[in-house]
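Analysis of the macromolecular model
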Amino acid sequence: MTGLPASTPASTPAIQVAEEVAQAVADGRPVVALESTIFTHGLPRPRNLAVALEAEQQLRAAGVVPATIGVHAGVPTVGLSTEQITELAATDGLDKVSLRDLPVVAALGRHGGTTVAATAFLAHRAGVRVFSTGGLGGVHFGASESFDESADLTTLAATPVTVISAGVKSILDIRATLERFETLNIPVIGYRTTRYPGFYVTDSGHEINFAVQSPEEAARIIDARDRLDLPQAVLIANPVDPARQLPPEELDGILARAWAEAERRGITGNASTPFLLDHIQRDTGGRSLEVNVEVYRGNVRLGGEIAGALARIPAAGRAGGADEASGPDGTGGAGGSVAAPTGA
């Protein structure tokens, strides 16, 4: 899609929230946001669509409302329909949409898969408090010279959602990323571990200060953050099952070969992450893809459990609903430019 369709009215909403999602948020029922880049850019067809729909079904089976987030025909949407997910999963050349790209793809009427940064922002604007993803963006190697850092970092510093991940992507400088989280006042909490996970591996070799042992403990921390009216995300680091991880002794060699090939081809910037992950998949004969899917399943499951625990905390103990919370732009949560809900 290259331009805004002629039939698109000037009153097209800035953000579309599915009726099911909006009603669940209003009722205080558990909702979990899911990003779209995992099926628009991260996984091959037809596995991408199967994984996207499986995640939604997994949450529904647990009594949680899924809110898959993406941009459809220029409309940032919280709660894509099955038809919209299917269309995005099958479309070539989709934009990879970070927060800075949202107004561009909206104005041009384009389809797009939303990154962690854009998904977190849209989830918060819709009042969704929990977001499950695979791996976070962070500081790239050589960032002291290239200044190559993911927009996930600064967005999460100003967006009070809860993000469940298996750590940052293994291709990143994990030590530097953890330092940046500290500088940005973003709490990083291990789920039943104080060893920070490395996406494909259970233990990245780095330690973190805090761990929670249950979804209820995680929910109490999130609630305390909200009652303190703090602006940053809470990151829950959920390691992949050790029996499902890539063999740690292989990972360094795999990463070294991936980086060498990217350098040989001159691939940098926004294009480097999908290239490196694809190279790792080919180098491992598809084993990394299975780990990726297992990571995502585990994070979706834990996100549903934490959302359920949050929903059981009495509303009187919270800092207020989405309308009272401030987004990164200083506007009120789900108010203002968020569309009246429509059916998904």
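In what follows, the structure referred to is the one given above.
These numbers come from a predicted model, not from an experiment.

**Focus on the overall build of the protein chain**
A tally of helices and strands in the protein chain yields 13 helices and 13 strands. For the protein chain, with 344 residues in total, the buried portion stands at 53%. In the protein chain, 74% of the contacts between residues at least 6 apart in sequence involve partners at least 24 apart.

**So, the nonpolar core**
Judged by nonpolar contacts, the single largest core of 62 residues is most densely connected at Val21, Val78, Leu156, Phe181, Tyr196 and Leu235. Residue contributions to this core peak at 6 residues, all from helix H6 (residues 116-125). Residues Ile38, Ala218, Ile222 and Ala309 belong to the second largest nonpolar core, which totals 35 residues.

**Some thoughts on the packing of aromatic side chains**
Taken as a whole and judged by the stated rule, the model has 1 aromatic pair. Between Phe199 and Tyr200 the ring centres are 4.8 Å apart and the planes differ by 70 degrees, which places this aromatic pair in the edge-to-face class. Judged on exposure class, the residue Phe199 and its partner Tyr200 are both buried.

**Focus: the packing of helix H3 (residues 47-61) against helix H4 (residues 82-90)**
Between H3 and H4, the shortest axis-to-axis distance is 9 Å and the interhelical angle comes to 155 degrees. As far as their axial angle goes, H4 and H3 are roughly antiparallel. Here H3 runs over H4; the crossing is right-handed. Note on element contacts: H4 touches H3 through Thr82, Ile85, Thr86 and Ala89, opposite Asn48, Leu49, Ala52, Leu53 and Glu56.

Parameters and conventions
- Residues numbered from 1 in each chain as written.
- Predicted model: local features only at pLDDT ≥ 70, side-chain atom pairs only at ≥ 80, totals over all residues.
- Heavy atoms only, no water.
- Helix = DSSP H or I, 4+ residues; strand = E, 2+ residues; numbered from the N terminus.
- Buried < 20%, exposed > 50% of the residue type's maximum accessible area, 1.4 Å probe, protein only.
- Contact = heavy atoms within 4.5 Å.
- Core = buried A, V, L, I, M, F, W, Y, C linked by side-chain atoms within 4.5 Å.
- Phe/Tyr/Trp six-rings, centres within 6.5 Å; stacked < 30°, edge-to-face > 60°.
- Axes fitted to C-alpha atoms, helices over the stretch in contact; angles between N-to-C directions.
- Parallel < 35°, antiparallel > 145°, perpendicular 65-115°, else oblique.
- Left-handed = near helix turned anticlockwise from the far one by under 90°.

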